[in-house]
Amino acid sequence: GYQAPEVPELGPSVASDIYTIGRTLAVLTFEFRGYQKEYATSLPPTSQVPAFARYDAFYRLVAKACAEDPDDRFLSVEELRAQMVGVLRQVVFAGDGSATAATQSAHSQFFDPPPVSGEALTWRELPTLKPDDHDPMVDWVSMVTAREPLTRYDELSRAPQVTPEVWLDQARCGLAADRPDLVATATAAMLKADPWDWRAAWMLGLDALAREESGAAIAAAQNYFGAVRDQVPGEIAPRLALGLAAEAAGQPGLAEGEYLTCLRTDAGYVAPAAFGIARARVARGDVNGAITVLDAVPSASRAHPHARWVRAGLMNQRGTLTDLADAIDDVGGVTLDPRQRLAFDIGVYDKALRHVITHGNAGQIRIGDVPATSMALRAALERAYRDLADLTPEPTERFALVDRANAVRPWSLT
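As the structure is a prediction and not an experimental result, all values here were calculated from the model.

Conventions we followed
- Residues numbered from 1 in each chain as written.
- Predicted model: local features only at pLDDT ≥ 70, side-chain atom pairs only at ≥ 80, totals over all residues.
- Heavy atoms only, no water.
- Helix = DSSP H or I, 4+ residues; strand = E, 2+ residues; numbered from the N terminus.
- Expected span 1.5 Å × (residues − 1).
- Contact = heavy atoms within 4.5 Å.
- Salt bridge = Lys/Arg side-chain N within 4 Å of Asp/Glu carboxyl O.
- Buried < 20%, exposed > 50% of the residue type's maximum accessible area, 1.4 Å probe, protein only.
- 1 Å grid on protein atoms, 1.4 Å probe; cavity = no way out; pocket = protein on both sides within 12 Å on 5 of 7 lines; lining within 4 Å.
- Points joined across faces, edges and corners; volume = space filled by probe spheres on them.
- Nonpolar A, V, L, I, M, F, W, Y, C, P; charged D, E, K, R; others polar.
- Polar contact = N/O pair within 3.5 Å; in protein donor to acceptor, adjacent residues only side chain to side chain.
- Phe/Tyr/Trp six-rings, centres within 6.5 Å; stacked < 30°, edge-to-face > 60°.
- Lys NZ or Arg CZ within 6 Å of the ring centre and 35° of its normal.
- Core = buried A, V, L, I, M, F, W, Y, C linked by side-chain atoms within 4.5 Å.
- Axes fitted to C-alpha atoms, helices over the stretch in contact; angles between N-to-C directions.
- Parallel < 35°, antiparallel > 145°, perpendicular 65-115°, else oblique.
- Left-handed = near helix turned anticlockwise from the far one by under 90°.
- Pairing = 2+ DSSP bridges.
- Patch = residues over 30% accessible without salt bridge, like charges linked within 9 Å, V, L, I, M, F, W, Y side chains within 5 Å.
- Areas by Shrake-Rupley, 256 points an atom, 1.4 Å probe, with all protein chains shown as cover.
- Lys, Arg positive; Asp, Glu negative; His and termini not counted.
- Charge placed at Lys NZ, Arg CZ, Asp CG, Glu CD.

Helix length check: helix 9 (residues 180-193), at 14 residues, gives a terminal C-alpha distance of 20 Å against a target of 20 Å (1.5 Å per residue), a fit within 8%. The inward-facing, buried residues of helix 9 contact helix 7 (149-157), helix 8 (164-176) and helix 10 (198-210).

We now examine the pattern of salt bridges. Inspection of every chain in the model, using the stated rule, returns 27 salt bridges. For the salt bridge of Asp295 with Arg308, the shortest nitrogen-to-oxygen distance reads 3.1 Å. With Asp295 in the loop between helix 15 (287-294) and helix 16 (304-318) and Arg308 in helix 16, the pair connects residues that are 13 residues apart, well separated along the chain. Taking the relative accessible area as the measure of exposure, Asp295 reaches 41% and is therefore partly exposed. Residue classification places Arg308 among the buried residues on the basis of a relative accessible area of 18%. Taking the shortest distance from any N to any O, the salt bridge between Glu382 and Arg409 comes out at 4.0 Å.

Let us now look at the layout of surface pockets. The space that makes up the largest pocket amounts to roughly 730 Å³. The wall of the largest pocket is formed by 22 residues, among which Leu75, Glu79, Phe110, Asp132 and Trp198 lie closest to the centre. Taken together, the residues of the lining of the largest pocket sort by class into eight nonpolar, four polar and ten charged. There is about 410 Å³ of room inside the second largest pocket. Lining of the second largest pocket is provided by 18 residues; of these, Thr128, Leu129, Asp169, Arg172 and Met203 occupy positions nearest its centre. Going through the elements one at a time, helix 6 (138-142), helix 8 and helix 10 are the ones with two or more residues in the lining of the second largest pocket. For the lining of the second largest pocket, the leading source of residues is helix 8, giving five residues. In the lining of the second largest pocket, the residues fall into twelve nonpolar, two polar and four charged.

Further remarks concern the environment of Ser108. For Ser108, the position within the fold is in the loop between helix 5 (77-94) and helix 6. Along the sequence, Ser108 and Gly234 sit 126 residues apart, while their C-alpha atoms lie 8.7 Å from each other. Those residues in contact with Ser108, other than ones at most four positions away along the chain, are Lys130 and Glu235. For Ser108, the side chain forms a polar contact with the side chain of Glu235, separated by 2.6 Å.

Once that is clear, we can look at unusual backbone geometry. One non-glycine residue with positive phi stands out, namely Asp178, at about 55°. One can find Asp178 in the loop between helix 8 and helix 9.

Moving on, we get to the packing of aromatic side chains. Under the criterion given, the structure shown has twelve aromatic pairs. Judged by centre distance (5.0 Å) and plane angle (40°), the rings of Phe30 and Phe32 are tilted. The exposure classification of Phe30 matches that of Phe32, with both residues buried. These aromatic residues form a ring-pair network of at least three members: Tyr2, Phe30, Phe32, Tyr35, Tyr39, Phe52, Phe58 and Tyr59. Just above the ring of Phe74 sits the side chain of Lys64; from NZ or CZ to the centre is 5.2 Å.

Attention shifts here to the nonpolar core. Grouped together as the largest cluster of nonpolar side chains are 91 residues, with contacts concentrated most on Leu126, Trp202, Leu209, Phe225, Leu263 and Ile367. Considering each element in turn, this core owes the most residues, nine residues, to helix 10. One finds Val7, Tyr39, Leu43 and Phe58 within the second-largest nonpolar core, a separate group that totals 24 residues.

Glancing now at the packing of helix 12 (residues 237-248) against helix 13 (residues 252-265). The geometry of helix 12 relative to helix 13 is characterised by a closest axis approach of 8 Å and an angle of 160° between their N-to-C directions. Considering their axes alone, helix 12 and helix 13 lie roughly antiparallel with respect to each other. Our pair here, helix 12 against helix 13, has a crossing hand that is left-handed. Between helix 12 and helix 13, the contacting residues are Arg239, Leu240, Leu242, Gly243, Leu244, Ala246 and Glu247 on the first element and Leu254, Ala255, Glu258, Tyr259, Thr261 and Cys262 on the second. Taken together, the residues that form the contact of helix 12 with helix 13 break down as eight nonpolar, two polar and three charged.

Turning our eyes to something else, we now look at the pairing of strand 1 (residues 362-367). Along any regular strand the residues' side chains alternate between the sheet's two faces. Two elements, strand 1 and strand 2 (residues 370-372), share three bridges in a ladder whose sense is antiparallel. Paired with Arg366 across the bridge in strand 2 is Pro371. Where strand 1 folds back on strand 2, the antiparallel hairpin that results is connected by two residues, among which Gly368 adopts a positive phi of roughly 70°.

Another point: the packing of helix 16 against helix 17 (residues 321-331). For the pair helix 16 and helix 17, the least separation of the axes is 8 Å and the interaxial angle reads 165°. Classified by the interaxial angle, the pair formed by helix 16 and helix 17 is roughly antiparallel. Note on packing geometry: the crossing formed by helix 16 with helix 17 is left-handed. Taking contact as the criterion, the partners of Arg308, Trp309, Arg311, Ala312, Met315, Asn316 and Arg318 in helix 16 are, on helix 17, Asp323, Leu324, Asp326, Ala327, Asp330 and Val331. Among the residues forming the contact of helix 16 with helix 17, the class breakdown is six nonpolar, one polar and six charged.

You can see Leu263 is positioned in helix 13. When the C-alpha positions of Leu263 and Leu240 are compared, they lie 9.5 Å apart, and in sequence the two are 23 residues distant.

Before going further, it helps to examine a negative patch on the surface. A cluster of like negative charges, contributed by Glu68, Asp69, Asp71, Asp72 and Asp194, occupies part of the molecular surface. With respect to the helices and strands, the residue Asp194 is situated in the loop between helix 9 and helix 10. With a relative accessible area of 32%, Asp194 lands in the partly exposed category.

Read these as layout, nothing more, since geometry by itself doesn't imply function.
Here it is in structure tokens:
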């Protein structure tokens, strides 16, 4: 039950050692009945193994290590070790299922962390592949100076030796130039040279996601990123990509699950994951949950000001006086264009005024430095309209803002 099926014919190898490690992991993890008979060269269904059902990354790790075909296993013990550490992080930080954000970044073999982004996430903000230092052309590719995608593609076509790093850069050129045909050509060459090179699937997933207006393309992206996740189960990058693809497919529940894995596991992914979870929860109507998860973006993150801005918008949407007071406080430390800040203030003051008109004054609550009373809110709203009018160059729009200021101003006898 521990010996790889090819050993009697081919003898021991690194691949057979990896198989043995995988089988040992399985036997140590659960009561593996039949591992020497019924499941001598296979694994039981995930539904029969709680550890597999709960931790899908662990199942994928064991399944790859125990693949019947040696070519389907990890290439080296070092690769297995690195992926095992990544899976361990996913298992440990999943914990009791809470949405606590990771506080440490993991070291990835294959991906650079995603750039800190704002609320939106597209294929362009997904993690990038690290160069393969063992590729003989990696230095040559780094010295190609052309930046315009099609020009660079042509220069790469004249490489003295064509290797995966050359094809990958050509695929990137195809993505940048919106040329799916170039991406397809480069990835086809990669897969012809090595059918197990999952980096080709990653590039094809990005290309499919770039054409997200097509339902078939989104389904293809999910398949490609799923294949990458199966090949490198300890990596977080494909989970972020799967979350984005699920969003594009209109599957917020599935997207949230992938983003939660990213949020819990790697501090380098907390910001894009938190924004993704917030979007997924808003899509399901869970504004409260969206507000809560944005608090996971740490104050030291460059994305923190934008998280406060998005949170403030959601508080404004929820709309109690306490929410509106918190919304004003949230944007206090965010650098905004003066017109943008005034427009936000106007929205908050207007909603607070309508709340007070309906339910009565609540002077003990302050919206910023403005008491939640009809007179104070009208004065603040009038002042904000006039300030915004002063910053508005277009005459018709400026006059309309002045009219609104006059309409809302507190009544007086003069």
